Amino acid sequence: MPPVCMVTGWWDLFLDRQLVDFTALQRGGATARITIGPWSHGDRGSLSTIAHEMVHWLGMHLHGGEHDGRAPVRVYVQHADRWTDLPCWPPPEARPTEWYLDAGGGLGPDRPAGTTPPSRFVYDPADPTPTVGVASCSGFRE
């Protein structure tokens, strides 16, 4: 398997599939790297990062350039406004967490008391919930 370098964004509509592919490559022993940035698919803001990642990667693997010592996974951490490196995906300390809808309409990790009726919502596909961001292929987030 040749070395693989992937670049995607948190709002990229292909993110889920790329993470599945990257995880399979890494578990299979392939040399793989992924960068996940604050953009959607084709976002102009990603172009300099993509160019830098690919040129450096190709330089290392095709021209014998020096390894940069970077971890296989680099992600942009939302709201912290910083990049962080991880050894693999998912991160080793990641744990699935159940979240519950409480009576006040909030969301939290604590199961509501049995006497409190849960909040409810109605989903109508003909009138979807407005969103600030959505996985996109066009670079436009609604």
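Here, the structure is the one placed above.
Residues numbered from 1 in each chain as written. Predicted model: local features only at pLDDT ≥ 70, side-chain atom pairs only at ≥ 80, totals over all residues. Heavy atoms only, no water.

Undergrad: Any chance you could explain the packing of aromatic side chains here in plain terms?
TA: What describes a pair of aromatic rings is the distance from one ring centre to the other and the angle between the planes of the rings. Counted according to the given criterion, the structure contains three aromatic pairs. Relative to Trp89, the ring of Trp10 lies with its centre 6.3 Å away and its plane at 55 degrees, an arrangement referred to as tilted. Taken together, the positions of Trp10 in the loop between β1 (4–9) and α1 (15–27) and Trp89 in the loop between β4 (82–86) and β5 (100–101) put the pair 79 residues apart, joining distant regions of the chain. Since its relative accessible area comes to 27%, Trp10 is described here as partly exposed. Centroid distance Trp39 to Trp83: 6.1 Å. Interplanar angle 50 degrees. Geometry classified as tilted. Taken together, the residues span a long stretch of sequence, with Trp39 in the loop between β2 (32–37) and α2 (47–62) and Trp83 in strand β4 at a distance of 44 residues. Taking relative accessible area as the criterion, Trp39 reaches 5% and is therefore assigned buried. A relative accessible area of 36% places Trp83 in the partly exposed class. (Phe/Tyr/Trp six-rings, centres within 6.5 Å; stacked < 30°, edge-to-face > 60°. Helix = DSSP H or I, 4+ residues; strand = E, 2+ residues; numbered from the N terminus. Buried < 20%, exposed > 50% of the residue type's maximum accessible area, 1.4 Å probe, protein only.)

Undergrad: Please explain the pairing of β4 as it appears in this structure.
TA: Consecutive residues of a regular strand have side chains that alternate between opposite faces of the sheet. Bridging between strand β3 (residues 73–77) and β4 involves five bridges; their strand directions are antiparallel. Among the inter-strand pairings, Val77 is bridged to a residue of β4, identified as Arg82. Two successive antiparallel strands, β3 and β4, enclose a turn made up of four residues, where His79 displays a positive phi of approximately 65 degrees. (Pairing = 2+ DSSP bridges.)

Undergrad: I would appreciate a short explanation of the pattern of salt bridges in the present structure.
TA: Close approach of charged atoms lets side chains of opposite charge pair. A complete count under the given rule lists four salt bridges for this structure. Arg17 is the salt-bridge partner of Asp21, the closest N and O atoms lying 3.2 Å from each other. Here the residue Asp21 and the residue Arg17 both occupy positions in helix α1, the gap between them amounting to four residues, near one helical turn. Here the salt bridges share partners, and the residues they tie into one network are Arg33, Glu53 and Arg70. (Salt bridge = Lys/Arg side-chain N within 4 Å of Asp/Glu carboxyl O.)

Undergrad: Please explain the nonpolar core as it appears in this structure.
TA: Nonpolar side chains tend to gather and get buried jointly when the protein is soluble and globular. Core analysis: the biggest nonpolar cluster contains 14 residues, and Leu19, Phe22, Ile34, Ile36, Val73, Val75 and Trp89 have the highest contact counts within it. Elements with a minimum of two residues in this core: β1, α1, β2 and β3. If you tally residues by element for this core, the top one is α1, at four residues. (Core = buried A, V, L, I, M, F, W, Y, C linked by side-chain atoms within 4.5 Å.)

Undergrad: What should I look at first to understand the sheet that holds β1 in this one?
TA: Strand pairing in a sheet takes place through backbone hydrogen bonds and is either antiparallel or parallel in direction. Strand order across the open sheet formed by four strands is β1-β2-β3-β4, with mixed pairing between neighbours. Every interior strand has two partners, whereas the edge strands, β1 and β4, have only one. This sheet shows a mean twist of 15 degrees between the axes of neighbouring strands, independent of strand direction. (Axes fitted to C-alpha atoms, helices over the stretch in contact; angles between N-to-C directions.)

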